[in-house]
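Chains, contacts and geometry: an overview
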Amino acid sequence: MSQPRIQLTNITKTYGQKTVLNNLNLHLGEAEMVALLGPSGCGKSTTLKILAGLEHADAGEILVDGKDISKVPTRKRNMGIVFQAYSLFPHMTAKDNVGYGLRIHGTAAAARRKRSEELLELVSLAEHMDKYPVQMSGGQQQRVALARALAISPELLLLDEPLSALDAKVRSQLRDEIRRIQLSEGISTLLVTHDQEEALVMADRIGVMNAGIIEQIGTPGELYNQPNSPFISEFVGVVNRLPGFYQDGHIQVLGSQLLATNEHEFTNGDIAVALVRPEQIEVLADPAGSHTVLNKQLRGIFTSVTLTGPERSPIRVDMSSRSADAFEIGQPVKLRVERTDTVIGSPTKNEAETLKQYQKESN
Ligand SMILES: Nc1ncnc2c1ncn2[C@@H]1O[C@H](COP(=O)(O)OP(=O)(O)O)[C@@H](O)[C@H]1O
Ligand SMILES: [Mg+2]
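Residues numbered from 1 in each chain as written. Chains lettered and ligands numbered in written order. Predicted model: local features only at pLDDT ≥ 70, side-chain atom pairs only at ≥ 80, totals over all residues. Heavy atoms only, no water.

**Digging into the site of ligand 1**
Around ligand 1, the neighbouring residues are Tyr15, Lys18, Val20, Pro39, Ser40, Gly41, Cys42, Gly43, Lys44, Ser45 and Thr46. Note that an oxygen atom of ligand 1 is positioned 2.9 Å from one of the backbone N or O atoms of lysine 44. In the model, an oxygen atom of ligand 1 is placed 2.8 Å from a nitrogen or oxygen of the serine 45 side chain. Computed on the free molecule, ligand 1 has an accessible area of 560 Å², of which 62% lies beneath the protein chains in the complex. (Near = heavy atom within 4 Å. Polar contact = N/O pair within 3.5 Å; in protein donor to acceptor, adjacent residues only side chain to side chain. Areas by Shrake-Rupley, 256 points an atom, 1.4 Å probe, with all protein chains shown as cover.)

Okay, here's the thing in structure tokens:
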């Protein structure tokens, strides 16, 4: 790969006694969108603020095009930032909000007006240029905020939960729109979010953060299909937790031996939990099967089928809605895992006891 546009190396940040970022490493390529995804308080916004110069790291290096910018003040970093919401200047029209950064940079009035109008067209707000923030919806205000961030042709776009305050429909429209604009403008972008779906649909790569470190970084497909820990597996997407016995690097669940792919400390005979996604289980009609169809939920193109078994809590299987038509509630079925490997984790007390109880009864 060519030299990354942005490189964070061994960034450490503490607040008092608390280490918020612990030797964090991250790079962004040219025109790449990287999402930082993680639970609240894991250090996502702190990372973004350090990039923007709004906070300072205790240790580590920030390079933009190979040059250290640690000492460059925020206003000289040439970065466009969009926060969660309500960050527009209330006393300025959409056009004046967008032109604000250009004014600070000393751009002449005529050029400013032209650029502001172009950007408001880019975010589909041509009709609303002279409105004040109170006259616009939340989604429209965030479009203005995006146009304002882009007006200065920033080297890096920083988005901190830009869609979190919006309702579901608007959020999903704006995801597509932000991604379209980011790609057409070819701008390197860091997206901070706690919403896995948002990260999966928008970003080229996702770094999943947990307690001040990036646990795994990769394309959406890599994180979804090859998670390296139970935390990643459960955080990115939906999983079934299937308890089973651990033996020689494998776990036995639903009649299959699955190879454990992650590092772990289980020894033979331990109860572990396989984390298996709902679309990785096959349902087969079988009058002698030990599972029963409990419920079917149509979710559009696919249907979630919930099944019970004697040995564990309900299992969710996602299949095409057409396939689901073949199953009726109450029908006995057999299940099969369609993979040969899995991430494994520790069982809860309840999961372990249920499995032991089942084993006792079936012996
Ligand atoms: N200015 C600050 N002073 C003290 N603690 C802070 C400050 N900013 C953030 N923190 C703490 O740092 C941790 C990470 O915060 P943050 O980066 O905002 O998390 P996230 O954006 O992932 O939710 C949290 O525990 C938060 O309480
Ligand atoms: Mg935050």
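That covers the picture; the talk isn't over yet.
**Description of the domain arrangement of the chain**
Along its sequence, the chain is organised into domain 1 (6-230) and domain 2 (240-362). Centre-to-centre separation of domain 1 and domain 2, based on C-alpha positions: 39 Å. Contacts between domain 1 and domain 2 engage 7 residues on the former and 8 residues on the latter. Summed over the shared surface of domain 1 and domain 2, the result is 0 salt bridges. It is helix 7 (residues 220-225) that contributes the most residues to the side of domain 1 that touches domain 2, 3 residues altogether. Across the side of domain 1 that touches domain 2, the residue classes break down as 4 nonpolar, 3 polar and no charged. (Domains from an automatic or database assignment. Contact = heavy atoms within 4.5 Å. Salt bridge = Lys/Arg side-chain N within 4 Å of Asp/Glu carboxyl O. Helix = DSSP H or I, 4+ residues; strand = E, 2+ residues; numbered from the N terminus. Nonpolar A, V, L, I, M, F, W, Y, C, P; charged D, E, K, R; others polar.)

**Description of the pairing of strand 2 (residues 18-28)**
Strand direction decides the pairing type here: strand 1 (residues 6-15) and strand 2, joined by 7 bridges, are antiparallel. Counted as the bridge partner of glutamine 7 is histidine 27 from strand 2. Here strand 1 folds back onto strand 2 in antiparallel fashion, the turn holding 2 residues, of which glycine 16 has a positive phi close to 60°. (Pairing = 2+ DSSP bridges.)

**Looking at helix 10 (residues 349-362)**
A rise of 1.5 Å per residue sets the reference length of helix 10, with its 14 residues, at 20 Å; its end C-alpha atoms lie 20 Å apart and thus fit the reference within 8%. Within helix 10, burial applies to Glu351, Ala352 and Leu355. The buried residues of helix 10 occupy an angular sector of 100° when the element is viewed end-on, so they sit on one face. Facing away from the buried side of helix 10 by more than 90 degrees, the exposed set consists of Lys349, Asn350, Lys360 and Glu361. For helix 10, the secondary structure elements touched by its buried residues are strand 11 (240-247) and strand 14 (271-276). (Expected span 1.5 Å × (residues − 1). Buried < 20%, exposed > 50% of the residue type's maximum accessible area, 1.4 Å probe, protein only. Arc of directions from axis to C-beta.)

**Things to note about the packing of helix 2 (residues 94-104) against helix 3 (residues 109-122)**
In a pair of packed helices, the angle between the axes and the distance between the axes together describe the arrangement. For the pair helix 2 and helix 3, the least separation of the axes is 9 Å and the interaxial angle reads 125°. Comparing their axes, helix 3 and helix 2 come out oblique. Handedness of the helix 2/helix 3 crossing: right-handed. Residue-level contacts link Ala94, Lys95, Val98, Gly99, Leu102 and Arg103 of helix 2 to Arg112, Arg113, Arg115, Ser116, Glu117, Leu119 and Leu120 of helix 3. For the contact of helix 2 with helix 3, the class distribution of residues is 5 nonpolar, 2 polar and 6 charged. (Axes fitted to C-alpha atoms, helices over the stretch in contact; angles between N-to-C directions. Parallel < 35°, antiparallel > 145°, perpendicular 65-115°, else oblique. Left-handed = near helix turned anticlockwise from the far one by under 90°.)

**Comments concerning the packing of helix 3 against helix 4 (residues 138-151)**
Across the interface, helix 3 lies against helix 4 with an axial gap of 9 Å and an inter-helix angle of 135°. Taken together, the axes of helix 3 and helix 4 lie oblique to each other. As helix 3 runs across helix 4, the sense of the crossing is right-handed. Listed contacts from helix 4 to Arg115, Leu119, Leu120 and Leu122 of helix 3 are Val144, Ala147, Leu150 and Ala151. Here the residues of the contact of helix 3 with helix 4 are counted per class, giving 7 nonpolar, no polar and 1 charged.

**Focus: the nonpolar core**
Membership of the largest hydrophobic core comes to 40 residues, with the highest contact counts inside it found for Leu120, Val144, Leu146, Ile206 and Val208. For this core, the element with the highest residue contribution is helix 4, accounting for 7 residues. Apart from the residues lying within four places of it in its own chain, the contact partners of valine 208 are Leu37, Ile213, Ile214, Glu215, Gln216, Leu223, Phe231, Ile232, Phe235 and Val236. (Core = buried A, V, L, I, M, F, W, Y, C linked by side-chain atoms within 4.5 Å.)

**Comments concerning the side chain of glutamine 331**
Structurally, glutamine 331 can be placed in the loop between helix 9 (321-324) and strand 19 (332-337). Engagement of the side chain of glutamine 331 in a polar contact is seen with the backbone nitrogen of glutamate 328, the distance being 2.8 Å. Ignoring anything within four residues of it in the chain, the contact list for glutamine 331 reads Ala285, His291, Thr292, Val293 and Ala326.

**Section: the sheet that holds strand 13 (residues 256-260)**
Hydrogen bonds between backbone atoms are what pair the strands of a sheet, whose relative direction is either parallel or antiparallel. Taking strand neighbours around the barrel as the criterion, the 5 strands line up as 11-12-13-20-14 in a closed arrangement whose pairing is mixed. Here the average twist between neighbouring strands, direction ignored, is 50°. Bridge count for strand 11 against strand 12 (residues 250-253) is 3 bridges, and the pairing is antiparallel. By the bridge assignment, phenylalanine 245 is partnered in strand 12 with glutamine 252.

**Structural notes on the pairing of strand 1**
Relative to strand 4 (residues 59-64), strand 1 runs antiparallel, the two being bridged by 5 bridges. Bridge pairing links leucine 8 to isoleucine 62 in strand 4.

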